[in-house]
Structure formats: structure tokens, C-alpha cells
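Residues per chain, in single letters:
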Amino acid sequence: MSYSQGIRRNWPQFALQLLTVFAVGLTIGAERNVVPVLGRDVLGVESVLVIGSFVVSFGFVKALLNLYGGKWSEAYGRKPILVAGWLVALPIPVILIYATNWWWISVGNVLLGVNQGLAWSMSVNAKIDLTGSDARGFAVGLDEAFGYGGVAVGAWITGVLAARYGLRPAPFYVLAGVIVVALVVSVLLIEETLPYARAEAENESDDADADLPFRAILKRATWGDRTLFAASQAGSVEKFVDALVWIAYPLYLTTAGLSVAEVGVVVGVYGGVWGVLQLYTGKLADDVGRRPPVVAGMFVAGAGVLATVLVDGYWPWLVTAGVTGVGMALLYPNLITVVGDAAHPSWRATGLGVYRMWRDAGYGFGAILIGATADLVATEAAFYVVAAAMFLSGGIAVVWMRETHPEFGASGSTELRTSSLSGDD
């Protein structure tokens, strides 16, 4: 059987993978603006740091599963890991509906982290397998657009349901339906894509860089390669923004007088702009290079966060949420594409797993920083801290990140893969 890459050649499976990642986004979106308010108003949790603990557990678990999910998918294939991710998600709605204290919510988010680490990782790896290098940015942009479009839709739907029927159980019935449908699609319709990556690896001229051991990949993707280091730190810090939206936005905006439904719209605008624009920004990186959108996105998203505490009112907050979403759309898919460019096809899934580990650990680090800042100073102060972190991280990307696009980069793929932090510029 011939494993020819290309979106048009493989459009049925590519479309199913888009459906799958939309379901992944719906799953996380269903929690996005309901759970923090549930903790405060129903379960009686007053500390922002304690409320943020469910994001800490989610982030660190997802980070670990990103790392090993990529490794396992090289050995066992993408589809078994995808199916496992949806099986783990089955108890989540039941836990959220019947939880009697906040620690049950944290347990549910551990399972959510496993689901997201396995299911979303496999979806993006499968799209890269099917697509090839010419349209990699576009493929990742589509993946993230559908995923975060799902987040926006999930946040909006559950906000409407929560406002009309209460914080539970109605919003989580939707979550249960999404999980069951996604599991059925993954089992019955999704096909294995690992052979496409193996066929690409056989045609790769840089054989000396192939088949690296796991520890060598971990080292290279963390600090051994200057570009991958820049991508990993930027990915980790940008998750501070998403953690802020998840934890602090519902608390800050409801305290300022917005309803849960209105907060759902604000959070939905953030996720919707982020999601929809990635249809363009992923393709943009194929046309102008990866580095400019990444750098611009870090500063635009930071500016959106900062502006949120400098304005007041429902409509201004919709605007600042949109600006933040624009920044995330610019940087998010293209950080993944940078790693996809710089990694050899034989260990690309593992390399992406390492990057996604550090990126999603940012949920945990960010939640701790946001919760501690809010408890010790004020919730508003957490916005200033996250904005400052984004500006600093963007500066590091300016200094360290090379252009990885094969046509726009100053050096070829082989040099990009072997450049180190201690090497020459």
C-alpha cells in the first residue's frame, strides 16, 4: 500500500481527525467557565489557589501524558493511544455531576488531563502524518482552529445551560454525549497514520539524525537545540494566559458584575477568535515563515491580558478577549509547526510530545502563580504578572528562535536539527 501524503489525497481521514479534535475542544470547553464558579458558589471554596488546583492537576498530568503519549505512539501507533484517551474520559461527567467537594473536581481533571494529553496529541500527530511538510502549517492551523473552536463552543453552550438550568447537572450532560460520540468515531472510523510517518522517514535524506533514543530526544527538545528551547519556553508561558482565562476570568468578571452567561460569551470570544483565526495563521506561517507570527503573537496576547484590567465593562472585555485570542492564534499553531520542522520524521511524535509536555506544564506553573498572586495580592494583580511573563518570553523567542521554514530559514533542516545552545549562531 502506498502512503502518499497530502490533505487532498487523504481528506476523508483528515476530516475525521478534525471532527475528533473538535470533540477534544468541546470536552475541555465544557469546564471552562462553569467549574471555577461551581467551586466558589456551590462547593464553598474561597481561595483562588485552591480553585486553581484543578488546573494544576490537569496541566501536569496532561504534560506527562503528552510526553509518553508521543513515545507510545511511535511504538504502538496513533489510533490505540487516541482510543485510550477517550476511554479514560468516560467517568468525567459523572464525577463533575456528583462531586461533593473540590478534591473530586481535581480527580476529574486528572482524567481530563489524560484525555487531552492522549487524544489531542494523537490528533495533531495524525494530521502531520497525513499532510507532509509543504502544508504542515496549514494542517496544524486547522487542527488548532477546530480544537479551540470546540473550546469556544463548549464554553458558550455550558454557560447558557448553567444560566438557565443551574451549574449542574445540565452542562455536563452535553459533556457526556460528546465523549461517547468521540469514542465511537475513534474506534470505528479512525485509521492508523503511523505508516505515513515511517514512509516519510524512509525518504528523509538526513539519516544521521534518525532514530534517536528517547533520552536524546528529551534533551534536544528541552535545551539541546536553541530553537526547540525557545519554542518550549514560549509554549509553557503562553499557557499562563489560558490558565488565567480558565481560573481568573470567571472569578474576576463575575465579581465585576457579569453573569455566568456573559462570562461564557467573553471566554467564548477569546476561544472563538483564537480558533477561527488559526485557519489563516497556520497557512500564514507557510507563506511568510514561522518565526514572525510566533513573536508577534506573544506580544499581542500579552497586550490583550494587560488591557483586560485597564478597561471596564462587558463590551470592552469582549474586545480585550478578542485581542488576546488574536495573539494566541498567531503563536499557538506555529510553535507546534516549528517543532515539527526541526524534528526528524522518525522521532517527530516524540519530539512534539516533549514540546507539548513543557507547554502544558505551563498550565500547572501558571495556575500556581496566578492563584498565589490572587490570594496574596489581588486577582487583578495576576493579570499584570501574566502579561509581564508573556513579554519576557517573547523577548527570549526573539533572541533564540531561528526560522525553521525550509524556504525562509537561513539554514537547512539538518543544521536546524543539530544546532545547540552552545553552538555558533
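Everything discussed here concerns the structure shown above.
Residues numbered from 1 in each chain as written. Predicted model: local features only at pLDDT ≥ 70, side-chain atom pairs only at ≥ 80, totals over all residues. Heavy atoms only, no water.

**Q** Quick question: what am I supposed to make of the overall build of the chain here?
**A** Across its full length, the chain carries 18 helices and 0 strands. Against the 2.2 N^0.38 benchmark of 22 Å for 425 residues, the chain shows a C-alpha radius of gyration of 20 Å, consistent with a compact globule. Along the longest, intermediate and shortest principal axes, the C-alpha atoms of the chain span 60 × 45 × 35 Å. For the chain, the proportion of its 425 residues judged to be buried stands at 63%. Of the contacts made within the chain by residues no fewer than 6 positions apart, 87% connect residues no fewer than 24 positions apart. As displayed, the chain has an accessible area near 15100 Å², and 66% of this comes from carbon and sulfur atoms. (Helix = DSSP H or I, 4+ residues; strand = E, 2+ residues; numbered from the N terminus. Rg over C-alpha atoms; globule rule 2.2 N^0.38 Å. Buried < 20%, exposed > 50% of the residue type's maximum accessible area, 1.4 Å probe, protein only. Contact = heavy atoms within 4.5 Å. Areas by Shrake-Rupley, 256 points an atom, 1.4 Å probe, with all protein chains shown as cover.)

**Q** I tried to follow the pattern of salt bridges on my own but got confused; where do I start?
**A** Tallied over the full model, the rule gives 12 salt bridges. Ionic pairing is found between arginine 290 and aspartate 286, a salt bridge with its closest N-O pair at 2.7 Å. Grouping residues by exposure puts arginine 290 and aspartate 286 together as buried. Members of the salt-bridge network, linked through shared partners, are Lys62, Lys239, Asp242, Arg359 and Asp360. (Salt bridge = Lys/Arg side-chain N within 4 Å of Asp/Glu carboxyl O.)

**Q** Just to check I follow, could you spell out the environment of asparagine 125 for this structure?
**A** For asparagine 125, the position within the fold is in helix 7 (residues 102-131). Separated by 78 residues in the primary sequence, asparagine 125 and asparagine 203 place their C-alpha atoms 18 Å from one another. Discounting residues that sit within four places of it in the chain, asparagine 125 has contacts with Arg78, Ala349 and Leu352.

**Q** Just checking my understanding: could you explain the packing of aromatic side chains for this structure?
**A** All told, the structure shown has 17 aromatic pairs when counted by the stated rule. Ring-pair connections join several aromatic residues into one group, and the members of that group are Trp120, Tyr148, Tyr270, Trp274 and Tyr332. One Lys or Arg, lysine 71, reaches over the ring of phenylalanine 214 and ends 5.4 Å from the middle of that ring. (Phe/Tyr/Trp six-rings, centres within 6.5 Å; stacked < 30°, edge-to-face > 60°. Lys NZ or Arg CZ within 6 Å of the ring centre and 35° of its normal.)

**Q** What's the story with the nonpolar core in this structure? I'm lost.
**A** One recurring pattern in soluble globular proteins: nonpolar side chains tend to sit buried together. The biggest cluster of nonpolar side chains holds 117 residues, and the ones touching the most others in it are Trp86, Ile105 and Leu244. Examining the composition of this core, we find that 17 residues originate from one element, helix 12 (residues 226-255), more than from any other. Other than its neighbours up to four places away in sequence, isoleucine 105 contacts Val35, Leu38, Leu43, Phe54, Leu96 and Ala99. In this structure, Phe14, Leu18, Leu130 and Tyr196 belong to the second largest nonpolar core, which totals 6 residues. (Core = buried A, V, L, I, M, F, W, Y, C linked by side-chain atoms within 4.5 Å.)

**Q** Explain a nonpolar patch on the surface here, please?
**A** A surface patch of nonpolar side chains, about 610 Å² in accessible area, is lined by Leu87, Leu90, Val180, Val184, Val187, Leu188 and Leu189. When residues in the nonpolar patch are grouped by element, the largest group, 4 residues, is from helix 9 (residues 170-188). (Patch = residues over 30% accessible without salt bridge, like charges linked within 9 Å, V, L, I, M, F, W, Y side chains within 5 Å.)

**Q** What am I meant to see in the packing of helix 12 against helix 13 (residues 260-288) here?
**A** The packing of two helices is summarised by the inter-axis angle and the distance between the axes. Two elements in contact, helix 12 and helix 13, have axes separated by 9 Å at closest approach and are oriented at 155 degrees. Comparing the axis directions of helix 12 and helix 13 gives the class roughly antiparallel. Classified by chirality, the crossing of helix 13 by helix 12 is right-handed. Facing helix 12, whose interface residues are Val241, Asp242, Val245, Tyr249, Pro250, Leu253 and Thr254, helix 13 presents Val263, Val266, Val267, Tyr270 and Trp274. Broken down by class, the residue content of the contact of helix 12 with helix 13 amounts to 10 nonpolar, 1 polar and 1 charged. (Axes fitted to C-alpha atoms, helices over the stretch in contact; angles between N-to-C directions. Parallel < 35°, antiparallel > 145°, perpendicular 65-115°, else oblique. Left-handed = near helix turned anticlockwise from the far one by under 90°. Nonpolar A, V, L, I, M, F, W, Y, C, P; charged D, E, K, R; others polar.)

**Q** Would you mind going over the layout of surface pockets with me for this structure?
**A** The gaps left among the atoms become clear once a water-sized probe is rolled over them. Within this model, the second largest pocket holds a volume of roughly 160 Å³. Taken together, 12 residues form the lining of the second largest pocket, with Arg198, Ala201, Asp211, Pro345 and Ser346 sitting closest to its centre. With 5 residues, the top contributor of residues to the lining of the second largest pocket is helix 10 (residues 194-202). (1 Å grid on protein atoms, 1.4 Å probe; cavity = no way out; pocket = protein on both sides within 12 Å on 5 of 7 lines; lining within 4 Å. Points joined across faces, edges and corners; volume = space filled by probe spheres on them.)

**Q** Quick question: what am I supposed to make of unusual backbone geometry here?
**A** The phi torsion of most residues other than glycine is negative, and most of the peptide bonds are trans. The peptide bond linking arginine 168 to proline 169 adopts the cis configuration, its omega dihedral lying at 10 degrees. Among the secondary structure elements, proline 169 is positioned in the loop between helix 8 (136-165) and helix 9.

**Q** Just to check I follow, could you spell out the side chain of aspartate 143 for this structure?
**A** Relative to the elements of secondary structure, aspartate 143 occurs in helix 8. One polar contact links aspartate 143 to lysine 127, side chain to side chain, over a distance of 2.8 Å. In this view, aspartate 143 contacts Leu18, Val21, Trp120, Ser123, Val124 and Lys127; residues no more than four positions away in its chain are not counted. (Polar contact = N/O pair within 3.5 Å; in protein donor to acceptor, adjacent residues only side chain to side chain.)

**Q** When you look at helix 4 (residues 53-76) in this model, what are you seeing that I'm missing?
**A** Along an α-helix, residues three or four apart share an orientation, since each turn contains 3.6 residues. When the terminal C-alpha atoms of helix 4 are compared, their 33 Å separation across 24 residues agrees well with the 34 Å that a helix rising 1.5 Å per residue should span. Extensive coverage of helix 4 is indicated by the burial of 17 of its 24 residues. Immediately beyond the C-terminal end of helix 4, within one or two residues, lies glycine 77, with a positive phi of roughly 105 degrees. (Expected span 1.5 Å × (residues − 1).)

**Q** I keep staring at the packing of helix 12 against helix 14 (residues 291-308) and nothing clicks. Help me out?
**A** Put simply, helix 12 and helix 14 touch, their axes get as near as 11 Å, and they point 20 degrees apart. Classified by the angle their axes make, helix 12 and helix 14 are roughly parallel. Handedness of the crossing formed by helix 12 with helix 14: left-handed. For the pair helix 12 and helix 14, the contacting residues are Ala234, Glu238, Val241, Leu244, Tyr249 and Tyr252 in the first and Met298, Val305 and Thr308 in the second. A per-class count over the contact of helix 12 with helix 14 returns 7 nonpolar, 1 polar and 1 charged.

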